[in-house]
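Below, each chain spelled out in residue letters.
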There are 2 protein chains.
Amino acid sequence: MQLKSQVEWALHCCSILAGLPPEGYLATRALAELHGVPKEYLSKALQALSNAGLITGTLGPSGGYRLARPTSDITFLDVVEAVEGSASTFVCTGIRDNNPCATRADIDDCDRGPCAIARVMWQADKAWRDSLRSVRLSDLRDSLERDIPADLWRRTGEWVLARA
Amino acid sequence: MQLKSQVEWALHCCSILAGLPPEGYLATRALAELHGVPKEYLSKALQALSNAGLITGTLGPSGGYRLARPTSDITFLDVVEAVEGSASTFVCTGIRDNNPCATRADIDDCDRGPCAIARVMWQADKAWRDSLRSVRLSDLRDSLERDIPADLWRRTGEWVLARA
DNA sequence: TCTAATACGGATATCCACTATCCTTATGGA
DNA sequence: TCCATAAGGATAGTGGATATCCGTATTAGA
């Protein structure tokens, strides 16, 4: 079980858009070049973010994307679910109903509550999502500013600004 | 991102094996019939559990599987990782190294520590695994005994016992 | 007004993991 | 000896992820 590569791309793109001046837009072309990923395919991830209302796009030359909300109002979970979907990682297919010992009444009775196994798996899924929800884009920017060499951080900011 | 169906099968099979008498073995055929899943394919999941040391198999007629450890010593995480693998759900491909602004020195410098985005994603992955690790097979048996109608619980126990 | 660059979405092709089945081998109980 | 079983290799089928291409509407700038 592995998240799509688009999740990684989307998170990196959001971290870049988070550094954009308020009125600027950054085009897919620039984001693709910055991360070394195919523009056409990255475009699909950005469209997913746009459909989820996390970023807004504008057409025409000098068009592109910007964040639709403050960085403190966008969480990792928002981005992950925009790309990956919000369906649980565990799907209960109800195989307990195939128990040859079970009568029709048993099945109807069991169906009133979710399977004990599913409950545990869904609880773990919730723990994962809760963890993702606890980190905002603003937190990420703080981490990046601490991690990335100051010189590279500055040059990248200028590179983005020149294309915004 | 979705867990394999074999994870669900493996968990249900373990819950059944947990009710086996100490010296009994239950064959793949019986487990497949009980859950209404293809025997040949379920066999792969059971082999994975066996390779992980969670269950032990024995050959010949009256052969089959039993738990290799006490139910209090097997967690959901053990079962999930046996089938699904223990690799993180998030893979950092290091696309930040493709930054055209980065020099060779920048890349070497960054490579000393993991990406800030990866850290967050791995922390969420850990929260998921911690949650799975906190529930044992013995807990699951307790939940099932509470959830499943007493009559069905008894009949299923007898069905298994007759084949162990 | 015209041109070019862009977002957006549909269509298509490729690749790979998951799903599923079949077959052979070794083992052990009757 | 015979048969049922675990174990594992080989081989498709299926569907989602990856990737590319194209057409359309929109808009900034010449």
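For chain A, an unreviewed UniProt entry supplies the name Rrf2 family protein and the organism Brevundimonas lenta.

**Observations concerning the overall build of chain A**
A count of helical and extended segments in chain A gives eight helices and two strands. The secondary structure elements of chain A, listed N-terminal to C-terminal, are α-α-α-β-β-α-α-α-α-α. Dimensions of chain A, computed from the C-alpha atoms along their principal axes, are close to 70 × 35 × 25 Å. Of all 164 residues assigned to chain A, the portion counted as buried reaches 49%. Taking all contacts inside chain A whose residues are at least 6 apart in sequence as the whole, residues at least 24 apart take part in 68%.

**Examining the protein's contact with DNA strand D**
Every one of the 26 residues lining DNA strand D counts as a neighbour, but Pro38(A), Pro61(A), Lys44(B), Leu59(B) and Tyr65(B) are closest to it. Here DNA strand D approaches the protein such that, of its atoms within 4 Å, sugar and phosphate make up 58%. Within the backbone of Pro61(A), a nitrogen or oxygen atom sits 3.3 Å from a sugar or linking oxygen of DNA strand D. With respect to DNA strand D, the side chain of Lys44(B) contributes an N or O atom lying 2.7 Å from a base oxygen. Elements with a minimum of two residues in the surface near DNA strand D: helix H1 (5-17) and helix H3 (39-51) of chain A together with helix H2 (28-35), helix H3 (39-51), strand S1 (55-58) and strand S2 (64-67) of chain B. Its residues assigned to classes, the surface near DNA strand D comprises nine nonpolar, twelve polar and five charged.

**Quick word on the nonpolar core**
Among the nonpolar cores identified, the biggest contains 105 residues, and Leu49(A), Phe76(A), Met121(A), Leu49(B), Phe76(B) and Met121(B) are the most heavily contacted of them. Those residues within four positions of Phe76(B) in sequence are excluded, and the remaining contacts are Ile117(A), Val120(A), Met121(A), Leu11(B), Leu132(B), Val135(B), Arg136(B) and Leu140(B).

**Points about the interface of chain B and chain A**
At the junction of the two partners, chain B supplies 58 residues and chain A supplies 58 residues. Interface area lost by chain B to chain A is led by Met1(B), Ile95(B) and Ile117(B), which between them contribute 15%. The interface formed by chain B and chain A holds four salt bridges in total. Between Asp106(B) and Arg155(A) there is a salt bridge; the shortest N-O distance is 2.6 Å. Linking chain B with chain A are 18 residue pairs in polar contact (both at pLDDT 80 or more), by the criterion used here. Going through the elements one at a time, helix H1 (5-17), H2, helix H4 (76-84), helix H5 (104-110), helix H6 (116-133), helix H7 (137-147) and helix H8 (150-161) of chain B are the ones with two or more residues in the side of chain B that touches chain A. Tallying contributions element by element places H6(B) first for the side of chain B that touches chain A, with twelve residues. The residue makeup of the side of chain B that touches chain A, split by class, is 33 nonpolar, 15 polar and ten charged.

**Quick look at the protein's contact with DNA strand C**
As a structural note, the neighbourhood of DNA strand C is formed by 26 residues, with Lys44(A), Leu59(A), Tyr65(A), Leu59(B) and Pro61(B) the closest of them. Sugar and phosphate atoms constitute 57% of the interface atoms of DNA strand C, taking the interface as everything within 4 Å of the protein. Between DNA strand C and Thr28(A) there is a distance of 3.0 Å, counted from a phosphate oxygen to a backbone nitrogen or oxygen. Within the contact set of DNA strand C, a phosphate oxygen lies 3.4 Å away from a side-chain nitrogen or oxygen of Ser50(A). Put simply, the parts of the chain that give the surface near DNA strand C at least two residues each are helix H2 (28-35), H3, strand S1 (55-58) and strand S2 (64-67) of chain A together with H1 and H3 of chain B. Tallying contributions element by element places H3(A) first for the surface near DNA strand C, with four residues.

**Topic: the packing of aromatic side chains**
All told, the structure shown has two aromatic pairs over all chains when counted by the stated rule. The interplanar angle of 85 degrees and the centroid separation of 5.5 Å between the aromatic rings of Trp9(A) and Tyr41(A) together place this pair among those described as edge-to-face. Taken together, the residues span a long stretch of sequence, with Trp9(A) in helix H1 and Tyr41(A) in helix H3 at a distance of 32 residues. You can call Tyr41(A) partly exposed: its relative accessible area is 43%. Sitting over the ring of Trp159(A), Arg163(A) keeps its end group 3.8 Å from the ring centre. Positioned above the aromatic ring of Tyr25(B) is the side chain of Arg66(B), whose terminal nitrogen or guanidinium carbon lies 3.9 Å from the ring centre.

**A word on H6(B)**
For H6(B), spanning 18 residues, the distance from its first C-alpha to its last is 25 Å, which sits close to the expected 26 Å at 1.5 Å a residue. All of the buried residues along H6(B) are Ala116(B), Ile117(B), Ala118(B), Val120(B), Met121(B), Ala124(B), Asp125(B), Trp128(B), Arg129(B), Ser131(B) and Leu132(B). In this structure, the buried residues of H6(B) make contact with H1, helix H4 (76-84), helix H6 (116-133) and helix H7 (137-147) of chain A together with H4 of chain B.

**Some thoughts on the pairing of S2(A)**
Here S1(A) pairs with S2(A) via four bridges, running antiparallel. Within S2(A), the position partnered with Gly57(A) by the bridge is Tyr65(A).

Conventions we followed
Residues numbered from 1 in each chain as written. Chains lettered and ligands numbered in written order. Predicted model: local features only at pLDDT ≥ 70, side-chain atom pairs only at ≥ 80, totals over all residues. Heavy atoms only, no water. Helix = DSSP H or I, 4+ residues; strand = E, 2+ residues; numbered from the N terminus. Buried < 20%, exposed > 50% of the residue type's maximum accessible area, 1.4 Å probe, protein only. Contact = heavy atoms within 4.5 Å. Near = heavy atom within 4 Å. Polar contact = N/O pair within 3.5 Å; in protein donor to acceptor, adjacent residues only side chain to side chain. Nonpolar A, V, L, I, M, F, W, Y, C, P; charged D, E, K, R; others polar. Core = buried A, V, L, I, M, F, W, Y, C linked by side-chain atoms within 4.5 Å. Buried area = accessible area lost by both parts, 1.4 Å probe. Salt bridge = Lys/Arg side-chain N within 4 Å of Asp/Glu carboxyl O. Phe/Tyr/Trp six-rings, centres within 6.5 Å; stacked < 30°, edge-to-face > 60°. Lys NZ or Arg CZ within 6 Å of the ring centre and 35° of its normal. Expected span 1.5 Å × (residues − 1). Pairing = 2+ DSSP bridges.

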